[in-house]
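Descriptive structure summary
For reference, the chains in residue letters:
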Amino acid sequence: MATEEMEQLVRRDYKEGFVTDIESDTLPPGLDENTIAFISKKKGEPEWMLEWRLEAFHKWQEMKEPSWAHLNYPPIDYQSISYFSAPKRPEDRPQSLDEVDPKLLETYEKLGIPLHERAALAGVAVDAVFDSVSVATTFKKQLAEAGVIFCSISEAIRDYPELVKQYLGTVVPQNDNYFAALNSAVFTDGSFVFVPEGVTCPMELSTYFRINAANTGQFERTLIICESRAQVSYLEGCTAPMRDENQLHAAVVELVALDDAYIKYSTVQNWYPGDEDGKGGIYNFVTKRGECRGARSRISWTQVETGSAITWKYPSCVLRGKDSIGEFYSVAVTNGRQQADTGTKMIHIGEGTRSYIVAKGISAGKSDQSYRGLVKIGPRAKGARNFTQCDSLLIGDKSGAHTFPYQEIGNSTAKIEHEATTSKIGEDQLFYCQSRGITEEDAVSMIVNGFCKDVFQELPMEFAVEAEALLNVTLEGAVG
Amino acid sequence: MLEVKDLHVTVEGSEILKGLSLTINEGEVHALMGPNGAGKSTLSAVIAGKDGYEVTQGSITFKGQDVLEMEIEERAQAGLLLGFQYPVEIPGVKNIYLLKAALNAQRAARGEDELPAPEFMKLVKEKLGLMKMDASFLQRAVNEGFSGGEKKRNEILQMLVLQPKLAMLDEIDSGLDIDAMKVVADGVNSLRAQDRAILLVTHYQRLLDYIVPDKVHVLVDGRIVKTGDAELAKELEANGYEGIEESAA
């Protein structure tokens, strides 16, 4: 990218009166090569990264937005979006919790979010994050001693370019799908984790991340690599409702597990779902994929999805290594006018590969939810096995649940099992609980939590407790 | 304690109870008997507040309160408890959790604090022993995979823990072998108290050999046609309901 172009871009910004200072501002809406050059420059990226982004951009331009999902939303104008916005300056943000929407604070209370995290989550202008700063420093030291790299993807591109070059885009290629291509071109930040051979990451990568995730932006890019015999448990997201001015979110997450490695990736997603009519809610189009590249490697996805107006998300596993294992445990809750099309793909390539899918969908209000799952057994996947259990629970009579299972079996020795149920939250179950003195609302939450139990027990302990609380808050007023 | 007056109940357009009246006093055990379709289960379901039953006439009062104006959970909190003929399964919800939630909800309604965990466990273990149930029951999901006998015992266990003022037991003897019946009967008998009443809804006299009622009512076609003491049940066993209907007519 030539300097003149860069300058031109800056001038254009001046002319349109949006950006006054390249150091600290926001790009005007629009997407072209200049936008990408600006982002890359902002991030201080090397030339090869910019080229990679531009390559993705050119592929994206030739692609079409997918329409196969069971979702209904107005067309997105990609030129009306701003692709780089620096975090709000402290003086533009709430100065204390007193200035924050009391309703939001009430929700934090209900979810049991620690007091010192509430301010950060609500976007209050606080200098760094008080005690968590020292916590983070301690963490970093511990991680470094173990040889684990955990940093932002931007830092990784600068500091570990060889690792990034070796793995970025190898699980989710640039042109994998429309949203992944867009992300590849314009991603602004995300996380990078590298666990070297034989190392078990000494801590769950969670608390630290939770606080720092508040401003990760709309095009997140995450890359996690576990070398042979390495292990890591990574927790993404937050149970607190996250508000964001950016309506479109298109993240990409890539996981690579080499021989005997184990990656456990847990997500609790609670983006703003919009008001009662679904207005202002987040559109979440995510590509998450892990590749079990090595023999006996294992990748496990656990997700609790409660937020967003639109969710399009299929955390998947490519089981290439012999005897590798892929797992997907999911709870998706929709209420109000939320729509979710979510599920997984298990691609069996290697011999003796196994996959487990447990998906629980709960639809309340006027929401609509689909489970979409693909189990593909390649010709060389001798003795591959899959077990799928897919249960839907309907609350009220205005919600919808759909199941779209796809199976492609290319090897006759494979064994596939699929169980699916759809049930209405039982009037009989409710009556039974209430006739013991339990209120209807508590009864609903008890029954729903029971329904989700198989998945919740896959979550790390502290997350599981929060997830239950979150479910209750999400379903408040769903009955009666 | 419980006063049912001239109760008329309609289910899906057809009248099931046609002017039923019944008075139960503290300390009494009543048995409500009758042929299939007479409306026996309807009465206890209406008292507990089950959906789909329309009261077109009459009243139900419990300790002076208008039961029909109360929410389902309020009725339970007031001490009206129904033991189900077919208890429903609730996958993923541990038995112990339901017990605890129910007990604490009732305590909260009475303005009492939650029972501390050790005391709660002590209480539950004692009652489990009484019902000859293994502690592993507590960790199993509510009624899931329970045998018929286990479900019935579990219903009585809840009664023993929750200590209602009026325990209504709907066909608690159905599907029980003789040993299980004895255990269930022992459990029910241990509930007998000066300040508590029990209403047994049953088809057969057999149960009443083990739980001897103070009063027996015969329900035919939505009305109580005859009331007597424990002897009446034996008479029914010998002559069947038809004999009663004829003598009542």
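The rules we used
- Residues numbered from 1 in each chain as written.
- Chains lettered and ligands numbered in written order.
- Predicted model: local features only at pLDDT ≥ 70, side-chain atom pairs only at ≥ 80, totals over all residues.
- Heavy atoms only, no water.
- UniProt positions renumbered as here; feature names shortened; annotations may be inferred.
- Contact = heavy atoms within 4.5 Å.
- Buried area = accessible area lost by both parts, 1.4 Å probe.
- Helix = DSSP H or I, 4+ residues; strand = E, 2+ residues; numbered from the N terminus.
- Nonpolar A, V, L, I, M, F, W, Y, C, P; charged D, E, K, R; others polar.
- Expected span 1.5 Å × (residues − 1).
- Buried < 20%, exposed > 50% of the residue type's maximum accessible area, 1.4 Å probe, protein only.
- Core = buried A, V, L, I, M, F, W, Y, C linked by side-chain atoms within 4.5 Å.
- Domains from an automatic or database assignment.

Under an unreviewed UniProt entry, the name given to chain B is Iron-regulated ABC transporter ATPase subunit SufC, and the source organism is Vreelandella subterranea.

If you look chain A up in an unreviewed UniProt entry, it shows as Iron-regulated ABC transporter membrane component SufB from Vreelandella subterranea. What UniProt records for chain A under Sequence similarities (unreviewed entry) is the sentence "Belongs to the iron-sulfur cluster assembly SufBD family."

What about the interface of chain B and chain A?
With 31 residues of chain B at the interface, the matching set in chain A holds 18 residues. Summing both partners gives a buried area of about 1900 Å² for chain B against chain A, and 65% of it is carried by carbon and sulfur. Those elements that provide at least two residues to the side of chain B that touches chain A are helix 2 (72–78), strand 6 (80–83), strand 7 (90–94), helix 3 (95–109) and helix 5 (148–162) of chain B. Element by element, the count of residues in the side of chain B that touches chain A is highest for helix 3 of chain B, at six residues. Of the residues belonging to the side of chain B that touches chain A, the class tally is 18 nonpolar, seven polar and six charged.

Re helix 3 (residues 47–61) of chain A
All names here are of chain A. Between its first and last C-alpha atoms helix 3 spans 21 Å; for 15 residues at 1.5 Å apiece the expected length is 21 Å, and the two agree. Turning to helix 3, its buried residues are M49, L50, W52, R53, L54, A56, F57 and W60. Looking at the buried side of helix 3, the elements it contacts are helix 2 (33–42), helix 7 (153–159), helix 9 (178–186) and strand 3 (221–226).

Description of the nonpolar core
In this structure, I362(A), V448(A), L2(B), L7(B), L43(B), L166(B) and L200(B) are the most contacted members of the largest nonpolar core, which totals 114 residues. Of all the elements, helix 12 (residues 440–456) of chain A adds the most residues to this core, at nine residues. When residues of this core are assigned to domains, at least three map to each of domain 1 (14–313) and domain 2 (426–480) of chain A. If near-sequence neighbours (up to four positions away) are discounted, L200(B) is found in contact with V29(B), H30(B), A31(B), L32(B), L169(B), V188(B), L207(B), L208(B) and I211(B). Formed by 55 residues, the second largest nonpolar core is a distinct cluster that contains M49(A), I81(A), I157(A) and F285(A).

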